[in-house]
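Working through the structure, step by step
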Amino acid sequence: MLVGNSRQLLDRDTIQAQHTAIFEAIRDQDAERACARLLDHVTHLDEVRTQALADRRAREVPISSLLPQDRDADTQ
């Protein structure tokens, strides 16, 4: 998980809830709500990225730190 300053920034439950809200809006054929939920999601991800990189130079952030720690468990 994306970690900055010893705190978790990217919460799986939050992301799942955002994805569910987007899916439900699309399923309900509510384009306005789907666009709003997608914008909420992208805004959240941008805020997480900003927080994660606030005190770090890009070269100090290894790609591996951006991936979920239990990625292999998700694919099995």
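Residues numbered from 1 in each chain as written. Predicted model: local features only at pLDDT ≥ 70, side-chain atom pairs only at ≥ 80, totals over all residues. Heavy atoms only, no water.

**Some details on the overall build of the protein**
- Looking only at helices and strands, one finds three helices and two strands in the protein.
- Taken from N to C terminus, the helices and strands of the protein fall in the order β-β-α-α-α.
- Within the protein, the proportion of its 76 residues that are buried is 18%.
- In the form shown here, the protein has an accessible surface area of approximately 5900 Å², with 54% of it arising from carbon and sulfur atoms. (Helix = DSSP H or I, 4+ residues; strand = E, 2+ residues; numbered from the N terminus. Buried < 20%, exposed > 50% of the residue type's maximum accessible area, 1.4 Å probe, protein only. Areas by Shrake-Rupley, 256 points an atom, 1.4 Å probe, with all protein chains shown as cover.)

**Digging into unusual backbone geometry**
- The phi dihedral of Q29 falls on the positive side, at around 55°, and the residue is not glycine.
- Topologically, Q29 is positioned in the loop between α1 (12–27) and α2 (31–53).

**A look at α2**
- For α2, built from 23 residues, the straight-helix expectation of 33 Å at 1.5 Å per residue is met to within 8% by its first-to-last C-alpha distance of 33 Å.
- All buried positions along α2 are accounted for by A34, H41, H44, V48 and A52.
- Contact partners of the buried residues in α2: α1. (Expected span 1.5 Å × (residues − 1). Contact = heavy atoms within 4.5 Å.)

**Considerations on the environment of R49**
- By secondary structure assignment, the location of R49 is in helix α2.
- R49 sits in the partly exposed class, given a relative accessible area of 45%.

**Quick notes on α1**
- Taking 1.5 Å per residue as the helical rise, α1 with its 16 residues ought to reach 22 Å, and the 22 Å between its terminal C-alpha atoms agrees with that figure.
- Buried residues belonging to α1 abut α2.

**Some points on the confidence of the model for the protein**
- Per-chain confidence: the protein averages 80 in pLDDT, with 79% of residues scoring 70 or above.
- Between the elements of the protein, mean pLDDT differs from a low of 44, seen in strand β1 (residues 3–4), to a high of 96, seen in α1.
- Counted against residues more than four places away or in other chains, residues 1–6, with its pLDDT under 50, gives 17 contacts. (pLDDT = per-residue confidence, 0-100.)

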